[in-house]
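# A structural walkthrough
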Amino acid sequence: MLEIQTKIQDVDLLQRLQKQEVLVINSRHKNGVIIYKRYHAEFAGPGSLIGGSIDADLVKILSVGELTINFPETAKERIAAYLMRRQWNRLIKQITDESNPLERAQLILNQFEHWFDKQTMTKIPDDAFGLLVGVFPQTVRSVRFL
């Protein structure tokens with residue numbers, strides 16, 4: 001897999017994804033991308049495939065951590081990255097299965113605090129967390145600063 005060592009800017013990455021390029025989030029770093037869709041958001045964490053037809057409906061993106069990406073060179077690498085993306089989606093789905101919105105907000109914040117440092121957490125807006133787990137940004141805000 002061909003790796004880009006430098007941090008890619010969100011604008012450059014968005015343009016690549018809008019062209020349906022297939023990329024992979026570097027699995028060796030604590031980084032990822034929040035992919036905003038029309039009515040929800042998805043998190044693609046380390047090792048995840050981004051782009052191609054699965055993200056054709058993206059609206060905007062937000063990089064999380066010091067984002068580095070790889071270019072998959074084989075079908076096997078693309079499949080492995082797709083399966084990793086599916087695992088990240090399943091993890092977020094477990095949180096959204098919680099019926100209480102305050103609890104969902106707390107769970108997503110706890111999970112991200114486990115994956116990322118405080119400095120990174122402060123850069124992620126309430127609306128991103130809300131769209132990930134289906135709650136209003138105000139709900140996230142009320143739980144975030146308890």
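For the structure itself, consult the block above.
To start, this report covers the structure provided alongside it. If you're wondering where the values come from, they're calculated on a predicted model, not measured in any experiment.

Here the focus is the layout of surface pockets. Roughly 270 Å³ of internal volume is contained in the largest pocket. Of all the secondary-structure elements, those providing two or more residues to the lining of the largest pocket are helix 3 (101-115), helix 4 (118-122) and helix 6 (137-144). Sort the elements by how many residues they give to the lining of the largest pocket and helix 3 lands first, with four residues. A per-class count over the lining of the largest pocket returns five nonpolar, three polar and four charged. Here the second largest pocket is characterised by a volume of approximately 220 Å³. In terms of lining, the second largest pocket is formed by 12 residues, of which the most central are Val64, Gly65, Glu66, Thr120 and Lys123. Of the residues forming the lining of the second largest pocket, the biggest block, four residues, is contributed by strand 6 (residues 60-65). Of the residues in the lining of the second largest pocket, the class split is three nonpolar, four polar and five charged.

Time to look at the nonpolar core. Soluble globular proteins: nonpolar side chains tend toward being buried together. Among the nonpolar cores identified, the biggest contains 24 residues, and Ile34, Phe43, Ile108, Phe112, Ile124, Phe129 and Leu132 are the most heavily contacted of them. Listing elements by their share of this core, those giving two or more residues are strand 3 (31-36), strand 4 (41-44), strand 6, helix 2 (75-96), helix 3, helix 5 (126-133) and helix 6. In terms of residue count, helix 3 provides more of this core than any other element does, five residues in total. Beyond its immediate sequence surroundings of up to four residues, Phe43 is in contact with Gly32, Val33, Ile34, Val64, Trp88, Asn89, Phe112, Trp115, Phe116 and Leu132. Grouped together as the second largest cluster of nonpolar side chains are 13 residues, Leu13, Ile61, Leu67 and Ile69 included.

A few words on the pattern of salt bridges. The full count for this structure, using the stated rule, is nine salt bridges. Close ionic contact of Lys37 with Asp55 constitutes a salt bridge, the shortest N to O distance being 3.2 Å. Of this pair, Lys37 sits in the loop between strand 3 and strand 4 while Asp55 sits in the loop between strand 5 (49-51) and strand 6, placing them 18 residues apart in sequence. On the accessibility criterion, Lys37 (5% relative accessible area) is buried. Judged by its relative accessible area of 1%, Asp55 is buried. Among the charged side chains, a network of salt bridges with common partners joins Lys37, Glu42, Asp55, Asp57 and Arg85.

What counts, and where the lines are drawn
- Residues numbered from 1 in each chain as written.
- Predicted model: local features only at pLDDT ≥ 70, side-chain atom pairs only at ≥ 80, totals over all residues.
- Heavy atoms only, no water.
- 1 Å grid on protein atoms, 1.4 Å probe; cavity = no way out; pocket = protein on both sides within 12 Å on 5 of 7 lines; lining within 4 Å.
- Points joined across faces, edges and corners; volume = space filled by probe spheres on them.
- Helix = DSSP H or I, 4+ residues; strand = E, 2+ residues; numbered from the N terminus.
- Nonpolar A, V, L, I, M, F, W, Y, C, P; charged D, E, K, R; others polar.
- Core = buried A, V, L, I, M, F, W, Y, C linked by side-chain atoms within 4.5 Å.
- Buried < 20%, exposed > 50% of the residue type's maximum accessible area, 1.4 Å probe, protein only.
- Contact = heavy atoms within 4.5 Å.
- Salt bridge = Lys/Arg side-chain N within 4 Å of Asp/Glu carboxyl O.

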